[in-house]
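These are the residues of each chain, in order.
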2 protein chains.
Amino acid sequence: MIDLDVLKDSFVTTPSKIIMLVVDGLGGLPHPDTRRSELETAHTPSLDRLAGESACGLTLPVLPGVTPGSGPGHLALFGYDPLKYLIGRGALESLGIEIELREGDVAARGNFCTVDAQGNLVDRRAGRIPTEVSVPLCKDLNEIQVDGVELNVYPVEGYRFVLHLRGEGLSDQVTETDPQITGVPALEATSLAPQGEKTSGIVRQFAKQAREVLKHEELANMVLLRGFSSLPHLPSMRDSYKLNPAAIAAYPMYRGLATIAGMTVIPTAKTFADELETLHQHYGEHDFFYIHYKPADAAGEDGNFDAKVRALEELDTHIPRLRELKADVVVIAGDHSTPAIMASHSWHPVPLLVHSRWTLGEGMESFSERSFAGGSLGTLPATQIMLLALAHAGKLAKFGP
Amino acid sequence: MIDLDVLKDSFVTTPSKIIMLVVDGLGGLPHPDTRRSELETAHTPSLDRLAGESACGLTLPVLPGVTPGSGPGHLALFGYDPLKYLIGRGALESLGIEIELREGDVAARGNFCTVDAQGNLVDRRAGRIPTEVSVPLCKDLNEIQVDGVELNVYPVEGYRFVLHLRGEGLSDQVTETDPQITGVPALEATSLAPQGEKTSGIVRQFAKQAREVLKHEELANMVLLRGFSSLPHLPSMRDSYKLNPAAIAAYPMYRGLATIAGMTVIPTAKTFADELETLHQHYGEHDFFYIHYKPADAAGEDGNFDAKVRALEELDTHIPRLRELKADVVVIAGDHSTPAIMASHSWHPVPLLVHSRWTLGEGMESFSERSFAGGSLGTLPATQIMLLALAHAGKLAKFGP
């Protein structure tokens, strides 16, 4: 963890409480007309007030210029070097839907897709079929049998599913079958290394049978498979930081990330308001809470500037309820920026706020990328946020004489 | 040194002069009533004027969130990675009182303490007995003999002393005897590794005899031993930077730190005014001077906000005398923050000022944490201050063709 073995005796368990609110896709960029970012446009009185009482700065999720996926973005927030601890898409999706991934298992993320009569891809997401359509199709795929492996297909959400393989001699050294473009057929899985031979053969057989099973479907008549991966080995936050950490996240992928980081996942319902109530109910049981807010990222990914502004304004209305807990430390961070004008994740530094009785309260007037650039925390790697959170909570003692 | 071997040919010796003024515990936090830090509260016209003519920024002593002891804090200022070059408490104290620590020697920091009739600790610092009381007690302890080792006890200050061991087969792999709490007995020293067996046995015998020697004392009737350590191996600043560096520090520990960094220690008297006169007298003899100002840290550690403000105001009155030397580079830095409201060292970024004819002079209006957060140097690791100092003095030449 953070490769800071030399600090390991400095972490101490205390009764103090840390809440880390991760606003997915928090950072943005100015709208070309107004020259104001989503955060600068949004009316966020509670966040602004909090900024005035906190230490502020910007974080780099991976490195300047490097845009993280949700996996690396979150691992960095929890203190793991995302360039060292690599996490496969299949493993992430599996853990997110609570599939037990054992040592030696291999998982892949599946997409239903649409191919034409020649087998060329027409839609890589099968018209984004809803979950109620994909669930029975997954049941059909689950009937597929391939010699030498225990094979299961689990629906995730919409057009997405997980292919889970269990058996002897499996490996994640298998190429993806998604060509990333339309107008061409799905790729054949091949091995990336000798140990991937057996698994790639299984995957080819699965894909062939899947085409057969789905051939009468109008939209979801084929599958694409990506991110073959095994369980990553991460040191536990519990041991590394001497914490009893918990995660509250409505979306499966984030629960999965929390699980591999060693957090206890507390079941919750669909909205952030639900997550907050879950936090209130279980506040006595843990000393660290990761709580996840998704809508800002979703709006940014959709390229909808106004929707992202509204998502941030909605977040703002929840801040008073969060503050009622009077946690010793409140961290507000983001796993990456998702500027609406880019309609995607980006590499831009992400606002960070640390609130505790030991923060300078340097009086930032607003919660935004621009104002936080002058904050006392400076611009720091996201992997160092945990150290700051622990220090402000009195959980990171003096180093050296 | 800074692990920048690739830069080693870029360091050049020149006649230019660098003064690094280290204000111990320089950074602070706002007073809850006024929302102004010690630096913001203090009337410091000379420092403020200097800030307006200098490049300013903030430094991280170790990492965000990591609170350094004086050892790591100073090593970082001199360019040593404090996570790599570890320094034991015993070694530090020994060097500070000019005990010659040779290869293979082991030193520990000793505290006189008070135990009750059952041997349970009542006061871990023996009522903070003054030096004049502890000196004769150290002389008594110095009479203790243990087979197979040359053993010496040296008074440091107040209730503190150094136990110095010289002999064959010694090791610093010995546990501390200070339980860190009262109401329990002192711990028995044990070995942390097989090579510590002999030394831990010696320490147990010493502690037993010490109890006997001191048994009739009212306050200082027992000893606690911490930080068993040998001489750390540090590359010399002299060689690494091609400097002829000198240290002027009234307090022993800081002289010790300068010694292991390869500086020449210039004897001085008790106050900062004395240190400044020493600097003036020896200004022709070196090209780099580390000069140490202690009172800000002492007041911060006492939790005395007003006293820290006064200590900073007192420092300010010395700045004109410092500037009379017209050094090519004046660096004002701190080894760590010591916010009075925390009454301890802290992890908060520390103001840094670099004055030379090559600084931007960006016109910061005041010398404070908040204003320096927006300075041109940004927030940087303290280990990089030396590079800046050398560069501004023309002692760090162009890298690469």
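None of these values were measured; they are calculated from a predicted model.

S.K.: Let's hear about the overall build of chain A: which residues, and what values?
M.R.: Counting secondary structure elements, chain A contains 13 helices and 13 strands. For chain A, the C-alpha radius of gyration of 22 Å lies close to 21 Å, the compact-globule estimate for 401 residues. Judged by the C-alpha coordinates and their principal axes, chain A covers about 65 × 50 × 40 Å. Looking at chain A residue by residue over its 401 residues, the buried ones come to 59%. Summarising the internal contacts of chain A: among those between residues at least 6 apart in sequence, 74% fall at separations of at least 24. Summed over its atoms, the accessible surface of chain A is roughly 15,700 Å², and 51% of this surface lies on carbon and sulfur atoms. Positive and negative side-chain charges of chain A, numbering 35 and 51 respectively, have mean locations separated by a distance of 2 Å.

S.K.: Break down unusual backbone geometry for me, citing the residues and quoting the values.
M.R.: Glycine aside, residues mostly have negative phi, and peptide bonds are mostly found in the trans state. Backbone geometry places Glu98(B), a non-glycine residue, at a positive phi of 60°. By the secondary structure assignment, Glu98(B) is in the loop between α4 (89-96) and β3 (106-115).

S.K.: Help me get a handle on the pattern of salt bridges, residues and values and all.
M.R.: Two side chains carrying opposite charge are able to pair once their charged atoms lie near each other. What the rule picks out here adds up to 27 salt bridges over all chains. Across the pair Arg255(A) and Glu98(A) runs a salt bridge, and its minimum N-O distance is 3.6 Å. Residue Arg255(A) is found in helix α8 (residues 252-260), and its partner Glu98(A) is found in the loop between α4 (89-96) and β3 (106-115); the two are separated by 157 residues along the sequence. Notably, a salt bridge pairs Glu100(B) with Arg102(B), separated by 3.4 Å at the nearest N-O pair. With a relative accessible area of 51%, Glu100(B) lands in the exposed category.

S.K.: Go over the interface of chain B and chain A, please, and point to the residues and values.
M.R.: Each side of the interface is counted separately: chain B has 33 residues, and chain A has 28 residues. Per-residue buried area on chain B facing chain A is highest for Pro64(B), Trp347(B) and Arg370(B); these three make up 22% of the total on that side. Taken together, chain B and chain A are joined by zero salt bridges. Applying the counting criterion to the chain B and chain A interface returns six residue pairs in polar contact (both at pLDDT 80 or more). Elements with a contribution of two residues or more to the side of chain B that touches chain A: α3 (70-77), α4 and α12 (369-372) of chain B. Per element, the largest residue contribution to the side of chain B that touches chain A is three residues, and it comes from α3(B). Each residue belonging to the side of chain B that touches chain A can be placed in one class, and the counts come to 19 nonpolar, ten polar and four charged.

S.K.: Can you break down helix α11 (residues 305-323) of chain A residue by residue, with the values?
M.R.: Counted at 1.5 Å a residue, the expected span for α11(A) with its 19 residues is 27 Å, and the 27 Å between its end C-alpha atoms agrees. Inspection of α11(A) places Phe305(A), Ala307(A), Lys308(A), Val309(A), Ala311(A), Leu312(A), Leu315(A), Asp316(A), His318(A), Ile319(A) and Leu322(A) among the buried residues, and these make up the whole buried set.

S.K.: Just give me the short version of the relation of the copies chain B and chain A, but keep the residues and values in it.
M.R.: Between chain B and chain A, which share one sequence, the superposing operator has a rotation angle of 125° and an axial displacement of 0.5 Å; the RMSD is 0.1 Å. Both copies are brought into coincidence by an operation consistent with a three-fold rotation axis. Residues of chain B ranked by C-alpha distance from the rotation axis are headed by Gly374(B), positioned 3.0 Å from it.

S.K.: Before we move on, can you summarise the environment of Leu75(A) with the specific residues and values?
M.R.: All names here are of chain A. Inspection of the secondary structure puts Leu75 in helix α3 (residues 70-77). Its relative accessible area of 0% is what places Leu75 among the buried residues. For Leu75, the contacting residues outside a window of four places in its chain are Tyr80, Tyr85, Ile87, Leu234, Leu257 and Ile260.

S.K.: Break down a nonpolar patch on the surface for me, citing the residues and quoting the values.
M.R.: All names here are of chain A. A cluster of nonpolar side chains, namely Leu63, Val66 and Leu83, defines an oily patch on the protein surface of about 250 Å² accessible area. Mapped onto the elements, Val66 comes out in the loop between β2 (55-60) and α3. By relative accessible area, Val66 is classed as partly exposed at 31%.

S.K.: Tell me about the sheet that holds strand β2 (residues 55-60) of chain B, residues and numbers included.
M.R.: Residues and elements named next belong to chain B. A sheet is described by the order of its strands in space; here eight strands give the open sequence β9-β8-β10-β1-β11-β12-β2-β13, paired in mixed fashion. Pairing within the sheet leaves two strands with one partner each, and these edge strands are β9 (264-265) and β13 (378-381). Both strand β11 (residues 329-333) and strand β12 (residues 350-355) contribute to a ladder of three bridges, which runs antiparallel. For Ile332, the partnering residue across the bridge sits in β12 and is Leu353. α3 rests against β1 (18-23), β10 (288-293) and β11 of the sheet, and its axis sits at about 155° to β1. Contacting β1, β10, β11 and β12, helix α11 (residues 305-323) crosses the sheet at an angle of about 170° to β1.

S.K.: Now, about the packing of helix α2 (residues 45-52) of chain B against α11(B): what can you tell me, with residues and values included?
M.R.: Residues and elements named next belong to chain B. Running from N to C, α2 and α11 cross one another at 60°; their axes reach a closest spacing of 7 Å. It follows from the interaxial angle that α2 and α11 lie oblique. Residue-level contacts link Pro45, Ser46, Leu47 and Leu50 of α2 to Leu312, Leu315, Asp316, Ile319, Pro320 and Arg323 of α11.

S.K.: Tell me about the pairing of β3(B), residues and numbers included.
M.R.: Residue and element names in this part refer to chain B. Buried residues dominate β3, accounting for ten of its ten residues. Both faces of β3 are covered, namely the face carrying Val106, Ala108, Gly110, Phe112 and Thr114 and the face carrying Ala107, Arg109, Asn111, Cys113 and Val115. Bridging between β3 and strand β6 (residues 160-166) involves six bridges; their strand directions are antiparallel. Within β6, the position partnered with Arg109 by the bridge is Val162. Here β3 runs beside strand β7 (residues 222-229); their pairing, made up of six bridges, is antiparallel. Pairing of Ala107 across the sheet is with Ser229, part of β7. As paired elements, β3 and strand β4 (residues 121-123) share two bridges and run antiparallel to each other. Pairing of Thr114 across the sheet is with Asp123, part of β4. Here β3 hands over to β4 after five residues, with Gly119 in that stretch at a positive phi of 85°.

S.K.: How would you explain the sheet that holds strand β12 (residues 350-355) of chain A if you had to name every residue and give the values?
M.R.: Residues and elements named next belong to chain A. Taking strand neighbours across the sheet as the criterion, the eight strands line up as β9-β8-β10-β1-β11-β12-β2-β13 in an open arrangement whose pairing is mixed. Two strands in the sheet have a free side with no partner beyond their single neighbour: β9 (264-265) and β13 (378-381). Strands in contact with α11 are β1 (18-23), β10 (288-293), β11 (329-333) and β12; relative to β1, the strand with the most contacts, it is inclined by about 170°.

S.K.: Could you give me a rundown of helix α13 (residues 385-392) of chain B, with the residues and numbers involved?
M.R.: In terms of burial, α13(B) is largely enclosed, as six of its eight residues are buried. When α13(B) is considered as a whole, its buried residues turn out to be Ile385(B), Met386(B), Leu387(B), Ala389(B), Leu390(B) and His392(B).

S.K.: Break down the confidence of the model for chain A for me, with residues and values.
M.R.: Averaged over every residue, the pLDDT of chain A is 95; the share at 70 or more is 99%. Interface confidence in the predicted complex, given as ipTM, is 0.85; pTM for the same model is 0.87.

S.K.: I'd love a proper account of the packing of α4(A) against α8(A), names of residues and values included.
M.R.: Residue and element names in this part refer to chain A. For the pair α4 and α8, interaxial distance at closest approach is 7 Å and the crossing angle is 100°. As the angle between them shows, α4 and α8 are arranged roughly perpendicular. The residues of α8 that touch α4, namely those facing Leu92, Glu93, Leu95 and Gly96, are Pro252, Met253, Arg255, Gly256, Leu257 and Ile260. Across the contact of α4 with α8, the residue classes tally to six nonpolar, two polar and two charged.

S.K.: Mind laying out the side chain of Ser134(B), listing which residues take part and the relevant values?
M.R.: Residue and element names in this part refer to chain B. As for its position among the elements, Ser134 is in helix α5 (residues 131-141). By relative accessible area, Ser134 is classed as buried at 0%. Those residues in contact with Ser134 that lie beyond four places of it in its chain are Phe112, Ile129 and Gly158.

Here is what the cut-offs are and how they apply
- Residues numbered from 1 in each chain as written.
- Chains lettered and ligands numbered in written order.
- Predicted model: local features only at pLDDT ≥ 70, side-chain atom pairs only at ≥ 80, totals over all residues.
- Heavy atoms only, no water.
- Helix = DSSP H or I, 4+ residues; strand = E, 2+ residues; numbered from the N terminus.
- Rg over C-alpha atoms; globule rule 2.2 N^0.38 Å.
- Buried < 20%, exposed > 50% of the residue type's maximum accessible area, 1.4 Å probe, protein only.
- Contact = heavy atoms within 4.5 Å.
- Areas by Shrake-Rupley, 256 points an atom, 1.4 Å probe, with all protein chains shown as cover.
- Lys, Arg positive; Asp, Glu negative; His and termini not counted.
- Charge placed at Lys NZ, Arg CZ, Asp CG, Glu CD.
- Salt bridge = Lys/Arg side-chain N within 4 Å of Asp/Glu carboxyl O.
- Buried area = accessible area lost by both parts, 1.4 Å probe.
- Polar contact = N/O pair within 3.5 Å; in protein donor to acceptor, adjacent residues only side chain to side chain.
- Nonpolar A, V, L, I, M, F, W, Y, C, P; charged D, E, K, R; others polar.
- Expected span 1.5 Å × (residues − 1).
- Least-squares fit on C-alpha atoms with pLDDT ≥ 70 in both.
- Patch = residues over 30% accessible without salt bridge, like charges linked within 9 Å, V, L, I, M, F, W, Y side chains within 5 Å.
- Pairing = 2+ DSSP bridges.
- Axes fitted to C-alpha atoms, helices over the stretch in contact; angles between N-to-C directions.
- Parallel < 35°, antiparallel > 145°, perpendicular 65-115°, else oblique.
- pLDDT = per-residue confidence, 0-100.

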